[in-house]
Amino acid sequence: MNAGLSDAASLLPDTVVFDFGGQSFEDLVAACERDRLWSLIRTHVPRGAAVLEAGAGSGRWVKFLHDRGYDARGVELSAGDVERFRRLHPRIPYDLDDIRSLPYADGSFDAVLSLGVFEHMIDGPGAAASEMLRVLKPGGLAFFTVPHANLLFAIERMVDGLRFPLFRSNVMRRILGRSPVDYPRAEEKARLREIARRRLDGLPIKYSFDPSRGATFYEYRYRARQAGKLLTSAGFEVEATHLLYGMDRIHQLFGRLAMVERPELRPNAFGRLLLSILPESWTSHMVLIIARKR
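The shown structure was predicted, so the numbers you read here are calculated from the model rather than taken from an experiment. (Residues numbered from 1 in each chain as written. Predicted model: local features only at pLDDT ≥ 70, side-chain atom pairs only at ≥ 80, totals over all residues. Heavy atoms only, no water.)

**Quick word on the side chain of Arg198**
By the element assignment, Arg198 lies in helix 8 (residues 185–198). Looking at Arg198, its side chain comes within polar contact range of the main-chain oxygen of Leu12, at 3.4 Å. (Helix = DSSP H or I, 4+ residues; strand = E, 2+ residues; numbered from the N terminus. Polar contact = N/O pair within 3.5 Å; in protein donor to acceptor, adjacent residues only side chain to side chain.)

**Some words on the packing of helix 10 (residues 246–254) against helix 11 (residues 269–277)**
Where helix 10 meets helix 11, the closest approach of the two axes is 10 Å, and the angle between their N-to-C directions is 125 degrees. When the axis of helix 10 is compared with that of helix 11, the two are oblique. Note on packing geometry: the crossing formed by helix 10 with helix 11 is right-handed. Within the contact between the two elements, helix 10 uses Gly246, Met247, Ile250 and Phe254 and helix 11 uses Phe270, Leu274 and Leu275. For the contact of helix 10 with helix 11, the class distribution of residues is six nonpolar, one polar and no charged. (Axes fitted to C-alpha atoms, helices over the stretch in contact; angles between N-to-C directions. Parallel < 35°, antiparallel > 145°, perpendicular 65-115°, else oblique. Left-handed = near helix turned anticlockwise from the far one by under 90°. Contact = heavy atoms within 4.5 Å. Nonpolar A, V, L, I, M, F, W, Y, C, P; charged D, E, K, R; others polar.)

**So, the pattern of salt bridges**
Under the criterion given, the structure shown has 24 salt bridges. Between Asp67 and Lys63 there is a salt bridge, with the nearest N and O atoms lying 2.4 Å from each other. Note that Asp67 and Lys63 are positioned in helix 3 (residues 60–67) at a spacing of four residues, about one turn of the helix. One salt bridge in this structure joins Arg134 and Asp106, with 2.7 Å as the shortest N-O distance. Separated by 28 residues along the polypeptide, Arg134 in helix 5 (residues 126–135) and Asp106 in the loop between strand 3 (94–96) and strand 4 (109–115) bring together distant segments of the chain. Here Asp106 falls in the exposed class, since its relative accessible area comes to 57%. Salt bridges linked by common partners bring Glu156, Asp160, Arg163, Lys206, Glu219, Arg221 and Arg249 together as one network. (Salt bridge = Lys/Arg side-chain N within 4 Å of Asp/Glu carboxyl O. Buried < 20%, exposed > 50% of the residue type's maximum accessible area, 1.4 Å probe, protein only.)

Right, dumping it as structure tokens:
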């Protein structure tokens, strides 16, 4: 993904690539049955339809939809994830490629999924959205999710603003019993300058911190209106908007104070209270846009 970047930009890959190898694939697939997204997919997309998941990660939705009668296919940039999926399910098509240049003919699919992918592209997802439009059949549907820039995210950013200086401080790390950081501070500063140069206007950024590298770009967060505009700009017609996964955002902010892991994430009494009293627009982790190719 870094080919052709300048020396400065090479400090900042143009997208974030994940490896899901540390998670139980069977548990990930089983969780799809309980996911609200599944009820929306089966409502709008008939069984037997050709469905592409672009940026499919572990491949859990590809396997889940295949098992329920869909002609499902995945495409993913992480070689480790692709190799793992092919080893487990060699008869289900799963391609190693970049979603900004999809290896499929025009109008190949009845539906396209892209779940938690667009936000990780520092230069924006315009090319990926255009490619997904291209490979959809006329009248085909796309399901896109991106993280929601809501009130709890604003609080999360403030918390990060307090935590990151502590992560960098070797004095504080010694007090907390953590090993000191020794990454090149000049490299981190150069990376942050590159993020400032390339970032998209109007979208807040979630940063991550790695003790071996320092702070770097992790993802953008979108308001629902911004997510819809992204797709209409690519030529889609937005049909519906949904807010999803309030429990995930509560967990990000409050951690074990609000959640219990047994083995999957579930709210405790405090978490249930928060979910019951806070508006969904404050707590939702993801915005889902359902859009159609005209």
